[in-house]
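Below, each chain spelled out in residue letters.
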Amino acid sequence: MHIDFDYFYAQCEENLDHSIRGRPVVVCVYSGRTQESGVVSTCNYEARKYGVKAGIPIVRARKLLQETQGVFLPMNKPHYEEVSDRIMGILEANGDHFEKAGIDEAFLDLTSRTRGEFREAEQIAVEIRREVLEQEQITCSVGIAPNKLLAKMASDRNKPNGLTVVAPEHVSEFLGGLPVNEIPGVGRKTEEKLEQMEIRRIDQLAAIDVSILHQKFGISLGTYLHRAALGEDDNPVKERDQPTQFSRIATLKTNTHQASEILPLLRTLASAVSEKLAMKTMICRTISVIAILADLSIHTRSKTLESPTCDEKTITQASAELIEQLLQSMPSATVRRVGVKLSALSIRSGQTNISKFLPQ
DNA sequence: GTATGCTTTCGGC
DNA sequence: TTACGGCCGAAAGCATAC
């Protein structure tokens, strides 16, 4: 089973202020560069009627909603995380295995508690939706299917507040007429490549020889596309353990190539992400910087340490060196946004190094 | 050639 | 027609060791 919280951030905002219900609600990420610069994070369905959607610039959403009583709100992520955590608790209690797949979605494996009976899974879905609505006033869309891939595609079918069941004997009719971009992982690039092959629907993809897909997309993606088109997926619902990376990214006031104009913001980001690492009592072995240029192209440079660290000075210093290195390697780069990413994480145990075990 | 590890890019939400 | 965030995880691409 896949559970997706409907237009989650905007629904949280509707619950914080009931007076905005029924009006277009747009949750925004303001970059701080100018009054209205930034993008739409998500919006409710009233706003979607006018063409507003995640990822478009805020100024464009303003124009689309200029004739309406549209509400524009800044993102309040800590609040959404609190609501999400409580809902995840409800979900976890209702499955044999639970997997959080993002702030607003999760998978449950119900195989053993329903003994594979889809009607029983459907009853559990009804119960879950009632409980989440009662406790948190959040509606969800749910997909029930033989595996994670199909469950996710099923939850997408009837949004918002939908419940879609795809029993094993209905898999091919469910997939048949859908466009290829309904397959998770098929974005604009893969869609275009398939379009060139005149493959638009999943049933057309299913009819293609797997060796042709290997040739066009490589073994990994080719095999995935072939199996997905047949509704095959054997990934288990698996509890996600520790996070694998932390990052902080922000937009510069003005674009620049000068390291001196980037370093103050970069240091702030390095400090913030170091603090997050320390708060989680973790250490990192790899430090990366990310630069997004004026043309929105993304470039990164990274460094892997001999021994992992959580030291803010070390992380700040490495970040500064990496951005200098990136700027030198791209003499014409005009930077718009910068970020710092920490990865190769591990849990910090009692000792910070092994020196006391080495011979003197 | 295969396995492994590191760097960079891609894509979802 | 343009406009344009901040995260995350995974895959791709490449180098090295055997």
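Structure: see above.
Residues numbered from 1 in each chain as written. Chains lettered and ligands numbered in written order. Predicted model: local features only at pLDDT ≥ 70, side-chain atom pairs only at ≥ 80, totals over all residues. Heavy atoms only, no water.

Q: Would you explain the protein's contact with DNA strand B in this entry?
A: As a structural note, the neighbourhood of DNA strand B is formed by 14 residues, with Asp104, Lys152, Arg285, Ser302 and Thr304 the closest of them. Among the atoms of DNA strand B close to the protein, meaning within 4 Å, 96% are from sugar or phosphate groups. Here the surface near DNA strand B takes six residues from strand E11 (residues 298–309), the largest share from any one element. The residue makeup of the surface near DNA strand B, split by class, is two nonpolar, six polar and six charged. (Near = heavy atom within 4 Å. Helix = DSSP H or I, 4+ residues; strand = E, 2+ residues; numbered from the N terminus. Nonpolar A, V, L, I, M, F, W, Y, C, P; charged D, E, K, R; others polar.)

Q: Quick question: what am I supposed to make of the sheet that holds strand E7 (residues 140–144) here?
A: Within a sheet, each strand pairs with its neighbour through backbone hydrogen bonds, oriented either parallel or antiparallel. The strand order across the open sheet formed by five strands is E5-E6-E1-E7-E8, and the pairing between neighbours is mixed. Looking at strand neighbours, the two that pair on one side only are strand E5 (97–102) and strand E8 (163–165), the edges of this open sheet. With strand direction ignored, the average angle separating the axes of adjacent strands in the sheet is 15°. As paired elements, E7 and E8 share three bridges and run parallel to each other. Bridge assignment links Val142 to a residue of E8, and that residue is Leu163. (Pairing = 2+ DSSP bridges. Axes fitted to C-alpha atoms, helices over the stretch in contact; angles between N-to-C directions.)

Q: Honestly, the sheet that holds strand E10 (residues 282–293) in this entry has me stumped. Any pointers?
A: Across the sheet, four strands lie side by side as E9-E12-E10-E11; this open sheet has antiparallel pairing. At either margin of the open sheet sits one strand with a lone partner, and together these are strand E9 (245–256) and E11. Pairwise comparison of adjacent strand axes, ignoring direction, gives a mean angle of 15° for this sheet. Across eleven bridges, E10 lies against strand E12 (residues 335–347) in antiparallel orientation. Paired with Leu293 across the bridge in E12 is Val335. Sheet strands touched by helix H12 (residues 259–279): E9, E10, E11 and E12. Its angle to E9, the strand with the most contacts, is close to 165°. (Contact = heavy atoms within 4.5 Å.)

Q: What's the story with a nonpolar patch on the surface in this structure? I'm lost.
A: Together, Val29, Val39 and Met75 make up an exposed nonpolar region whose accessible area comes to about 190 Å². Considering the arrangement of structural elements, one finds Val29 in strand E2 (residues 25–30). (Patch = residues over 30% accessible without salt bridge, like charges linked within 9 Å, V, L, I, M, F, W, Y side chains within 5 Å. Areas by Shrake-Rupley, 256 points an atom, 1.4 Å probe, with all protein chains shown as cover. Salt bridge = Lys/Arg side-chain N within 4 Å of Asp/Glu carboxyl O.)

Q: I keep staring at the packing of H12 against helix H13 (residues 312–329) and nothing clicks. Help me out?
A: The packing of two helices is summarised by the inter-axis angle and the distance between the axes. Close contact between H12 and H13 brings their axes to 9 Å; oriented N to C, the two are set at 140°. Helix-helix and strand crossings are classified by hand; for H12 and H13 the assignment is right-handed. Each of Ala259, Ile262, Leu263, Leu266, Arg267, Ala270, Ser271, Ser274 and Leu277 in H12 lies in contact with H13, whose residues at this interface are Glu312, Ile315, Thr316, Ser319, Ala320, Ile323, Glu324 and Leu327. Classifying every residue of the contact of H12 with H13 gives ten nonpolar, four polar and three charged. (Left-handed = near helix turned anticlockwise from the far one by under 90°.)

Q: Help me out: how do you make sense of the environment of Ser211 in this one?
A: When you line up the elements, Ser211 lands in helix H11 (residues 210–229). For Ser211, a relative accessible area of 42% gives the class partly exposed. Between the C-alpha atoms of Ser211 and Arg336, which are 125 residues apart in sequence, the distance is 42 Å. One polar contact links Ser211 to Asp209, side chain to side chain, over a distance of 2.8 Å. (Buried < 20%, exposed > 50% of the residue type's maximum accessible area, 1.4 Å probe, protein only. Polar contact = N/O pair within 3.5 Å; in protein donor to acceptor, adjacent residues only side chain to side chain.)

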